[in-house]
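A look at the structure
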Amino acid sequence: MNDFNDFYAEGAQALFDRGVKEVPRAYIQPQHERPSAAARLVPGKQLPVIDLSRFHGDGRNQVMEELKSACESWGFFHLINHGFPDSSMKAMLEVVRQFFELPAEIKMRFFQKIGTGRKARYGLSFNTELDRVSDWKDFLAHPCHPLSDELISTWPDVPLHYREIATEYAKNVRALALRLLALLSESLGLRESFIYEAFKGHHQLLVINHYPPCPQPDLTLGVRGHTDVYGFTIVQHDDVPGLEVMKDGSWYAVSSIPNAFVINIGDQLEILSNGRYKSIKHRAVVNSERTRFSIVSFYGPSHDATIAPAAEVIRQQPDQKAEYREILFEDYLREFFSRGLDNKFNINSLKIKK
Ligand SMILES: O=C(O)CCC(=O)C(=O)O
Ligand SMILES: [Fe+2]
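What comes next concerns the included structure. (Residues numbered from 1 in each chain as written. Chains lettered and ligands numbered in written order. Predicted model: local features only at pLDDT ≥ 70, side-chain atom pairs only at ≥ 80, totals over all residues. Heavy atoms only, no water.)

Re the packing of helix α3 (residues 86–101) against helix α6 (residues 162–187)
Which entries qualify depends on this criterion: Orientation is described by lines fitted to C-alpha atoms, with helices fitted over the stretch in contact, and by angles between N-to-C directions that extend from 0 to 180 degrees. For the purposes of this entry, the term helix denotes a DSSP run of H or I that reaches at least four residues, the term strand denotes a run of E that reaches at least two, and both are numbered from the N terminus. Note on angle classes: values under 35 degrees are labelled roughly parallel, values over 145 roughly antiparallel, values of 65 to 115 roughly perpendicular, and the remainder oblique. By convention, the crossing between two helices is left-handed when the near helix turns anticlockwise from the far helix through less than a right angle, and right-handed when the turn is clockwise. Residue contacts are defined here by distance: any two heavy atoms, one from each residue, within 4.5 Å place the two residues in contact.
With their axes 9 Å apart at the nearest point, α3 and α6 run at an angle of 140 degrees to one another. Relative to α6, the element α3 is oriented oblique. For the pair α3 and α6, the sense of crossing is left-handed. Contact with α3, carried on its side by Ser88, Met89, Ala91, Met92 and Val95, involves Tyr162, Ile165, Ala166, Glu168, Tyr169 and Asn172 of α6 and no other residues of that element.

Considering the sheet that holds strand β5 (residues 203–211)
The cut-off we apply is this: Paired strands, as defined in this entry, are two strands with at least two bridges between them according to DSSP.
In spatial order, the strands read β1-β2-β10-β7-β12-β5-β4-β3; together these 8 strands make up an open sheet with mixed pairing. Edge positions in the sheet fall to β1 (49–51) and β3 (121–123), since each has one partner strand and no second. Strand-to-strand twist across the sheet, computed as the mean angle between neighbouring axes with direction ignored, equals 25 degrees. Two elements, strand β7 (residues 232–237) and strand β10 (residues 261–265), share 4 bridges in a ladder whose sense is antiparallel. For Phe232, the partnering residue across the bridge sits in β10 and is Ile265. In the packing of helix α2 (residues 60–73) onto the sheet, the strands contacted are β1, β2 (76–80) and β10, and the crossing angle to β1 comes to about 145 degrees.

Things to note about the packing of α2 against α6
Helix packing for two helices is described by the angle between their axes and how far apart those axes are. Selection rule: Gly is placed with the polar residues, together with every amino acid not listed as nonpolar (Ala, Val, Leu, Ile, Met, Phe, Trp, Tyr, Cys and Pro) or charged (Asp, Glu, Lys and Arg).
Where α2 contacts α6, the axes come no closer than 10 Å and their chain directions differ by 85 degrees. One way to sum up the angle between α2 and α6 is to call them roughly perpendicular. Listed contacts from α6 to Arg60, Met64, Leu67, Lys68 and Cys71 of α2 are Leu183, Leu184, Glu186 and Ser187. Its residues assigned to classes, the contact of α2 with α6 comprises 5 nonpolar, 1 polar and 3 charged.

Examining the sheet that holds strand β6 (residues 223–226)
What the 4 strands build is an open sheet, ordered β6-β11-β8-β9; its pairing is antiparallel. Two strands in the sheet have a free side with no partner beyond their single neighbour: β6 and β9 (250–253). Across this sheet, the average inter-strand angle for adjacent strands is 20 degrees, counted without regard to direction.

Here we look at the layout of surface pockets
If a probe as big as a water molecule is rolled over the atoms, it shows which places are left empty. Basically, it comes down to this: A cavity here means a set of 1 Å grid points, computed over protein atoms only, where a 1.4 Å probe fits but cannot escape. A pocket is an open set with protein on both sides within 12 Å along at least 5 of 7 lines, and lining residues have an atom within 4 Å of a point. Grid points are joined across faces, edges and corners, and a volume is the space filled by probe spheres set on the points.
There is about 270 Å³ of room inside the second largest pocket. Taken together, 16 residues make up the lining of the second largest pocket; nearest its centre are Gln236, His237, Asp238, Pro258 and Asn259. Contributions of two or more residues to the lining of the second largest pocket are made by α3, β7 and β10. The element best represented in the lining of the second largest pocket is α3, accounting for 4 residues. Here the residues of the lining of the second largest pocket are counted per class, giving 7 nonpolar, 5 polar and 4 charged.

Some remarks on the site of ligand 1
The following threshold applies: For this purpose, a residue is taken to be near a molecule or strand whenever a single non-hydrogen atom of the residue falls within 4 Å of it. Definition of a polar contact: a pair of N or O atoms within 3.5 Å, with one able to donate and the other able to accept a hydrogen when the atoms are protein atoms, and with sequence-neighbouring residues admitted only if both atoms are side-chain atoms. To be clear on the numbers: accessible area is Shrake-Rupley with a 1.4 Å probe, and residue cover counts the displayed protein chains and nothing else. More than half of a molecule's atoms lying within 2 Å of a cavity's or pocket's grid points is what places that molecule inside it.
Lining the immediate environment of ligand 1, one finds Asn209, Tyr211, His226, Asp228, His237, Leu243, His282, Arg292, Ser294, Val296 and Phe298. Take Asp228: an N or O atom from its side chain is 3.3 Å from an oxygen atom of ligand 1. In the environment of ligand 1, an oxygen atom lies 3.0 Å from a nitrogen or oxygen atom belonging to the side chain of His282. Protein chains shield 94% of the accessible area of ligand 1, which is 300 Å² for the free molecule. In this structure, ligand 1 is accommodated by the largest cavity. Mapped by element, the contributors of at least two residues to the shell around ligand 1 are β5 and β12 (292–300). A total of 4 residues in the shell around ligand 1 trace back to one element, the largest contributor, which is β12. Classifying every residue of the shell around ligand 1 by side-chain character gives 4 nonpolar, 5 polar and 2 charged.

Looking at the coordination of the iron ion (ligand 2)
Here is the rule: Shown as donors are all N, O and S atoms within 2.8 Å of a metal ion, widened to 3.2 Å for Na, K and Ca; because water is not in the atom set, sites may appear incomplete. For each residue, the accessible area found with a 1.4 Å probe, counting protein chains only, is set against the maximum for its type, and the residue is called buried under 20%, exposed over 50%, and partly exposed in between.
Coordination sphere of the iron ion (ligand 2), protein contribution only: His226 (NE2), Asp228 (OD) and His282 (NE2), at 2.1 to 2.2 Å. Between consecutive donor residues of the iron ion (ligand 2), the sequence gaps follow H-x1-D-x53-H. A residue pair is termed long-range when its members are at least 10 positions apart, and His226 in strand β6 and His282 in strand β11 (residues 282–284) qualify at 56 residues. Taken as a pair, His226 and His282 share a single burial class, namely buried.

Describing the nonpolar core
Note on soluble globular proteins: their nonpolar side chains tend to be buried together. Stated precisely, the cut-off is as follows: To qualify as a nonpolar core, a set must consist of buried Ala, Val, Leu, Ile, Met, Phe, Trp, Tyr and Cys residues joined through side-chain atoms within 4.5 Å.
Counting 89 residues, the largest nonpolar core has Met92, Leu184 and Phe232 as the members making the most contacts within it. A per-element tally of this core places α6 first, with 12 residues. Apart from residues lying up to four places away in sequence, Phe232 is in contact with Ala177, Leu180, Leu181, Leu184, Ile263, Asn264, Ile265, Gly266, Leu269, Ser297, Phe298 and Tyr299. With 12 residues, the next largest nonpolar core counts Val20, Val23, Val223 and Ala284 among its residues.

Here we look at the environment of Pro103
Along the chain, the position of Pro103 falls in the loop between α3 and α4 (104–107). Pro103 sits in the partly exposed class, given a relative accessible area of 40%. Sequence spacing of Pro103 and Asn172 is 69 residues, and the spatial spacing of their C-alpha atoms is 29 Å.

So, the pattern of salt bridges
The condition is simple: Every case where a carboxyl oxygen of Asp or Glu lies within 4 Å of a side-chain nitrogen of Lys or Arg is listed as a salt bridge.
Throughout the structure, instances matching the rule amount to 13 salt bridges. The partner of Glu66 in a salt bridge is Arg54, and the shortest N-O contact between them spans 3.9 Å. Residue Glu66 is located in helix α2, and its partner Arg54 is located in the loop between β1 and α2; the two are separated by 12 residues in the primary sequence. Judged by its relative accessible area of 26%, Glu66 is partly exposed. Between Lys68 and Glu65 there is a salt bridge whose closest N-O contact spans 3.2 Å. Of this pair, Lys68 and Glu65 both sit in helix α2, 3 residues apart, which is roughly one turn of the helix. The exposure class of Glu65 is partly exposed, given its relative accessible area of 45%.

Structure below.
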């Protein structure tokens, strides 16, 4: 085994626990990807904030406009007053902390080198066989829909209340996701149930990212720049900064608002909206002081759904032409998971050439 693989198997948490003072070679990003070599970090500018409670009142039209504009320009927004129980957010973060504190041999019971989106997975990098540079993180991922005893029995049985708390969290995420689906449909001028139906059986994948402190945070990344492949993403952060969003060629650091979620548009909604809504590149940087967690729920089509630009959206556009080819979501996911993070499958391959 070369040292690349040695370090790979070890993972960021183990390196941190061992007290390494230098980031091993396998974690060092090429110059142009490093946080310090990146485009300016633009201070002050912030993601739009959408207040979900205002959809019920007088401000509805205005908030709908804000939602539309956030999805068109940023592809990202903070969501506040979302009705998601605070107790469920707190309990999830706590049980997740406990999971990552478990001894490595217990977490490794769930270890898989490559993801499929179908099985519970403890991972040390996106694709342990193909990534040329590893992420400074470890993570736990598992599907959450359709929720059944059989599905839940495939989730980690440790810590003690993990399954119970994650079940509650998954139900709350789904309830929020269904509200967002209706609002996003309406914001595109589609009937309320349009995206709900387009996603067919629906898929919901939970990914919990754990970023231990890093001795040389300028050399590595928690997650390299990527777009999310599902419909949209619902992210719960703790209070440690790290998420950065690419806009107009610059990286913007996203602040954390207590009890808010960060929502972002994924590739499938970019396709369905014929490019009106943007699946924006983002990444996570790490720091030398504090452990950071993000609890990420990907929501989107079931594997057997075919995603295509919506005819009604195309009709509203000046060119009135589909910009993307349709694709079976299973094929999209297969491409995505079969590559390393360095060579990630890209939505551009579906763009119709003019
Ligand atoms: O940790 C974060 O804030 C972002 C993680 C992320 O982008 C992802 O898991 O897709
Ligand atoms: Fe992401």
